[in-house]
Amino acid sequence: DSGVTQTPKHLITATGQRVTLRCSPRSGDLSVYWYQQSLDQGLQFLIQYYNGEERAKGNILERFSAQQFPDLHSELNLSSLELGDSALYFCASSVQSDGWGTGELFFGEGSRLTVL
Amino acid sequence: AQTVTQSQPEMSVQEAETVTLSCTYDTSESDYYLFWYKQPPSRQMILVIRQEAYKQQNATENRFSVNFQKAAKSFSLKISDSQLGDAAMYFCAYGADGNKLVFGAGTILRVKS
């Protein structure tokens with residue numbers, strides 16, 4: 001158990017819909033990262049938050065947005081869903097953004113999104 | 001931009017034998033970290049081993065060791081005495097400046113009994 005909690009574990013929805021994925025980082029971790037894992041593109045970095053503020057952005061679509069709340073949990077919002085958005089969405093956390101500490105990201109179990 | 005390349009989509013090893021997974025990366029940074037993560041069928045991403053670029057000594061964790069060649073930008077993972085539980089997808093990852101990790105495409109490792 002990494003200590004990172006993601007909900008829901010599985011989600012099936014239709015094209016055009018909107019969903020929200022939730023992540024609770026490990027206790028004490030200030031940084032949250034979102035990754036998308038699809039069959040044809042491996043693990044793609046989407047976005048990072050550190051202590052409530054956006055710190056880095058990857059190949060995140062404009063239809064996607066995220067935020068980190070004062071209690072440090074994070075939500076990834078996916079809207080106007082398309083078939084190609086079907087993927088496993090991972091949240092990971094680490095202690096800090098500046099400097100590496102142990103350099104390790106702790107991953108949740110992922111949220112499997114299926115768009116029909 | 002940094003890139004990580006894993007040229008072996010799939011590898012097989014006999015139980016108790018040794019296997020090496022390859023990884024190369026591209027960066028202009030001098031200070032960075034390299035990682036191998038394991039993703040079993042449970043989907044959980046598990047850190048296997050970590051290497052700091054400023055350290056010349058190769059990292060070792062029990063049956064797992066790396067061959068880090070900084071000049072060649074190569075970072076291979078050696079698994080000794082392979083076990084059935086080692087069967088998984090293995091990802092090589094690069095990280096620098098406290099931000100995101102960049103992952104390779106992964107190598108599926110199959111262990112034969």
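Relevant structure appears above.
Below or above, wherever it landed, is the structure these notes cover. Fair warning: this is a prediction, and the values are worked out from it, not measured in the lab.

Some words on unusual backbone geometry
Here the amide bond leading from A:Thr7 into A:Pro8 is cis, since omega sits at -10 degrees, within 30 degrees of zero. Inspection of the secondary structure puts A:Pro8 in the loop between β1 (5-7) and β2 (10-13). In the Ramachandran plot, B:Lys73 falls in the positive-phi region, its phi being about 55 degrees despite a non-glycine side chain. Looking at where B:Lys73 falls in the secondary structure, it is placed in the loop between β8 (64-69) and β9 (74-79). Since its relative accessible area comes to 25%, B:Lys73 is described here as partly exposed. Residues other than glycine seldom take positive phi values, yet B:Asp81 does so here, at roughly 50 degrees. By secondary structure assignment, the location of B:Asp81 is in the loop between β9 and β10 (88-95). Accessibility expressed as a relative area gives 39% for B:Asp81, which makes it partly exposed.

What about the sheet that holds strand β8 (residues 74-78) of chain A?
Residues and elements named next belong to chain A. Here four strands make up an open sheet; going across it, the order is β1-β3-β8-β7 and the pairing antiparallel. Each edge of the open sheet is held by one strand with a lone partner, namely β1 and β7 (64-68). On average, each strand axis in the sheet is inclined to that of its neighbour by 15 degrees, with strand direction left out of account. Examined bridge by bridge, β7 and β8 share five bridges and lie antiparallel to one another. Note on β8: the bridge partner recorded for Ala66 is Leu76.

Reading the values: the criteria
- Residues numbered from 1 in each chain as written.
- Chains lettered and ligands numbered in written order.
- Predicted model: local features only at pLDDT ≥ 70, side-chain atom pairs only at ≥ 80, totals over all residues.
- Heavy atoms only, no water.
- Helix = DSSP H or I, 4+ residues; strand = E, 2+ residues; numbered from the N terminus.
- Buried < 20%, exposed > 50% of the residue type's maximum accessible area, 1.4 Å probe, protein only.
- Pairing = 2+ DSSP bridges.
- Axes fitted to C-alpha atoms, helices over the stretch in contact; angles between N-to-C directions.

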